[in-house]
Amino acid sequence: MRPGSAAITALMLVLAAGCDNLAEQPRSKTWEPAADLPSRERWPLQPPEHTVAREDVAPPVPALDAALLARGHERYDVYCSPCHGFQGEGDGMIVKRGFPAPPSFHIDRLRSAPTRHFYDVVTDGWGVMYSYADRVQPPDRWAIAAYVRVLQESRSADVAELPEAAREKLE
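Predicted, not measured: the structure shown is a model, and the values here were computed from it. (Residues numbered from 1 in each chain as written. Predicted model: local features only at pLDDT ≥ 70, side-chain atom pairs only at ≥ 80, totals over all residues. Heavy atoms only, no water.)

Trainee: Help me out: how do you make sense of the packing of aromatic side chains in this one?
Mentor: The geometry of an aromatic ring pair is captured by the separation of the ring centres together with the interplanar angle, meaning the angle of the planes. This structure, assessed with the given rule, holds 6 aromatic pairs. Aromatic side chains Y76 and Y147 sit 5.3 Å apart centroid to centroid with 55 degrees between the ring planes, which places their arrangement in the tilted category. Here the residue Y76 occupies a position in helix α2 (residues 66-84), and Y147 occupies one in helix α6 (residues 138-155), the gap between them amounting to 71 residues. By relative accessible area, which is 0% here, Y76 ends up buried. Taking relative accessible area as the criterion, Y147 reaches 10% and is therefore assigned buried. (Phe/Tyr/Trp six-rings, centres within 6.5 Å; stacked < 30°, edge-to-face > 60°. Helix = DSSP H or I, 4+ residues; strand = E, 2+ residues; numbered from the N terminus. Buried < 20%, exposed > 50% of the residue type's maximum accessible area, 1.4 Å probe, protein only.)

So this is what it looks like as structure tokens:
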């Protein structure tokens, strides 16, 4: 007998003793309910108290004021204008370098979309646009959505209704 063969034989015997007829062990079939779980009637249907799902709670819509629009303009220029352009036409610098063009904010579909749509698109992304949820905080998302509305309304504004100082800047 070669040296070490006794150790190998002993190891094989230990492993063989640990094996059982696995085909006859108790088990549940995939289409049968598990016997050790409580019945579905006892499962809690509501999350535990004080639990808030991050995706389910949207912050309230802030009041529209000059500070909100100024913040929206600032955040829009940083995060949105590279693709959407400064006027919302979908002709930003990234598009000029070959990236797919986003739709203009001035098309009928987006003019008739609720303001919440723009908040949700910034949060979740849409089409080629990825989510900005990790970059833009919820209050800033509302500010961007409000600023997009201002861009849309600026297209249909009557110049004669503007204050004199604003009309002079246009000329």
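Trainee: Help me out: how do you make sense of the nonpolar core in this one?
Mentor: In globular proteins that are soluble, nonpolar side chains generally tend to be buried together. One finds Y76, F105, F118, V122, V136, I144 and V148 to be the most contacted residues of the largest nonpolar core, which totals 13 residues. Every element with two or more residues in this core is listed here: α2, α5 (115-124) and α6. Here this core takes 5 residues from α6, the largest share from any one element. Setting aside chain neighbours within four positions, we find V136 in contact with Y79, V122, R141 and I144. (Core = buried A, V, L, I, M, F, W, Y, C linked by side-chain atoms within 4.5 Å. Contact = heavy atoms within 4.5 Å.)

Trainee: Honestly, the side chain of H106 in this entry has me stumped. Any pointers?
Mentor: Along the chain, the position of H106 falls in the loop between α3 (93-96) and α4 (108-111). Classification of H106 by relative accessible area gives buried; the value is 15%. At 2.8 Å, the side chain of H106 forms a polar contact with the backbone oxygen of Q87. (Polar contact = N/O pair within 3.5 Å; in protein donor to acceptor, adjacent residues only side chain to side chain.)

Trainee: Help me understand the pattern of salt bridges in this model?
Mentor: Side-chain pairs of opposite charge can arise whenever the charged atoms involved come near each other. Across all of its chains, the model carries 6 salt bridges by this definition. Residues E89 and R155 are paired through a salt bridge, measuring 2.2 Å at the closest nitrogen-oxygen approach. On the criterion of sequence distance, the pair formed by E89 in the loop between α2 and α3 and R155 in helix α6 is long-range, its members being 66 residues apart. The partly exposed category is assigned to E89, whose relative accessible area is 31%. R155 gets classed as partly exposed once you look at its relative accessible area, which sits at 44%. For D120, the salt bridge is made with R116, and the minimal N-O distance between the two is 2.9 Å. One end of the pair is D120 and the other is R116, both in helix α5 and 4 residues apart, which spans about a single turn. Using a relative accessible area of 27% as the deciding quantity, one classes D120 as partly exposed. Residues joined by salt bridges that share partners form a network here, namely R71, E74, R75 and D140. (Salt bridge = Lys/Arg side-chain N within 4 Å of Asp/Glu carboxyl O.)

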